[in-house]
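Residues per chain are reported as follows:
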Amino acid sequence: MWREQLEKRGYLENSEILVELTIGGECGEYLPSLALYDKKEDTWYYFDNDIPPGMTQEEALRNAVEFFEKVVIGLEKPKLKMSPIREAPKEVYEKFEKFLQGLRDEGED
């Protein structure tokens, strides 16, 4: 269910976190990116992971969703950053892990 929501709406959220997916075009390829918004702290973080670009928007979207699925099931570790030299605090990773657990639990229903 979360896959369809991410593909159609471009975001997932719970009471603490919003994860947003965007696709940007540059020089004939489409670059997917994911960002995380901490609602309580009113702060954005970006995923500093390598998500493959696509030759079409659909391919870029598919690559981003496949990457996020690997994060959900634990095959990929997220690298959340505030800036190129500043990583997200431990508390954000803890909130994100609770968010992921909610997605996993949803998948078991």
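See the structure printed just above.
Notes on the structure follow. Keep in mind it's a predicted model, so treat the numbers as computed, not measured.

## Remarks on the overall build of the chain
- What the chain contains, in helices and strands, is three helices and six strands.
- Computed over the C-alpha atoms, the radius of gyration of the chain is 14 Å, within 12% of the 13 Å expected from 2.2 N^0.38 for a compact globule of 109 residues.
- Projected onto its principal axes, the C-alpha coordinates of the chain cover approximately 40 × 40 × 25 Å.
- Counting all 109 residues of the chain, 35% fall into the buried class.
- Sequence separation of 24 or more characterises 52% of the internal contacts of the chain that already satisfy a separation of 6 or more.
- Summed over all atoms, the accessible surface of the chain reaches about 6,800 Å², with 49% contributed by carbon and sulfur.
- If you average the places of the 15 positive and of the 25 negative side-chain charges in the chain, the two averages end up 4 Å apart.

## With respect to unusual backbone geometry
- Backbone geometry at Asp 42 places phi at a positive 55 degrees, although glycine is not the residue there.
- Note on placement: Asp 42 falls in the loop between strand 3 (29-38) and strand 4 (43-47).

## Let's talk about the pattern of salt bridges
- The full count for this structure, using the stated rule, is seven salt bridges.
- Between Lys 98 and Glu 16 there is a salt bridge whose closest N-O contact spans 3.7 Å. Highlighted residues: Lys 98 in helix 3 (residues 90-108) and Glu 16 in the loop between strand 1 (11-13) and strand 2 (17-26), separated in sequence by 82 residues.
- Since its relative accessible area comes to 54%, Lys 98 is described here as exposed.
- Where Asp 38 meets Lys 95, a salt bridge forms, and the shortest distance between an N and an O atom there is 3.0 Å. With Asp 38 in strand 3 and Lys 95 in helix 3, the pair connects residues that are 57 residues apart, well separated along the chain.
- The exposure class assigned to Lys 95 is buried, which follows from its relative accessible area of 14%.

## Overview of the packing of helix 1 (residues 2-9) against helix 2 (residues 57-73)
- For the pair helix 1 and helix 2, interaxial distance at closest approach is 11 Å and the crossing angle is 145 degrees. With respect to the hand of their crossing, helix 1 and helix 2 are arranged in right-handed fashion. Taken together, the residues of helix 2 that come into contact with helix 1 (itself represented by Trp 2, Arg 3, Leu 6 and Glu 7) are Leu 61, Val 65, Phe 68, Glu 69 and Val 72.
- Broken down by class, the residue content of the contact of helix 1 with helix 2 amounts to six nonpolar, no polar and three charged.

## Examining the environment of Asn 14
- Its location among the elements puts Asn 14 in the loop between strand 1 and strand 2.
- Owing to a relative accessible area of 27%, Asn 14 belongs among the partly exposed residues under this scheme.
- Through-space distance from the C-alpha of Asn 14 to that of Lys 39 is 9.5 Å; in sequence the pair is 25 residues apart.
- Beyond its immediate chain neighbours, meaning those up to four positions away, Asn 14 contacts Lys 39 and Phe 99.
- Side-chain polar atoms of Asn 14 contact the backbone nitrogen of Ile 17, separated by 2.8 Å.

Reading guide: rules and limits
- Residues numbered from 1 in each chain as written.
- Predicted model: local features only at pLDDT ≥ 70, side-chain atom pairs only at ≥ 80, totals over all residues.
- Heavy atoms only, no water.
- Helix = DSSP H or I, 4+ residues; strand = E, 2+ residues; numbered from the N terminus.
- Rg over C-alpha atoms; globule rule 2.2 N^0.38 Å.
- Buried < 20%, exposed > 50% of the residue type's maximum accessible area, 1.4 Å probe, protein only.
- Contact = heavy atoms within 4.5 Å.
- Areas by Shrake-Rupley, 256 points an atom, 1.4 Å probe, with all protein chains shown as cover.
- Lys, Arg positive; Asp, Glu negative; His and termini not counted.
- Charge placed at Lys NZ, Arg CZ, Asp CG, Glu CD.
- Salt bridge = Lys/Arg side-chain N within 4 Å of Asp/Glu carboxyl O.
- Axes fitted to C-alpha atoms, helices over the stretch in contact; angles between N-to-C directions.
- Left-handed = near helix turned anticlockwise from the far one by under 90°.
- Nonpolar A, V, L, I, M, F, W, Y, C, P; charged D, E, K, R; others polar.
- Polar contact = N/O pair within 3.5 Å; in protein donor to acceptor, adjacent residues only side chain to side chain.

From the geometry alone we can't say anything about function, so treat these as descriptive.
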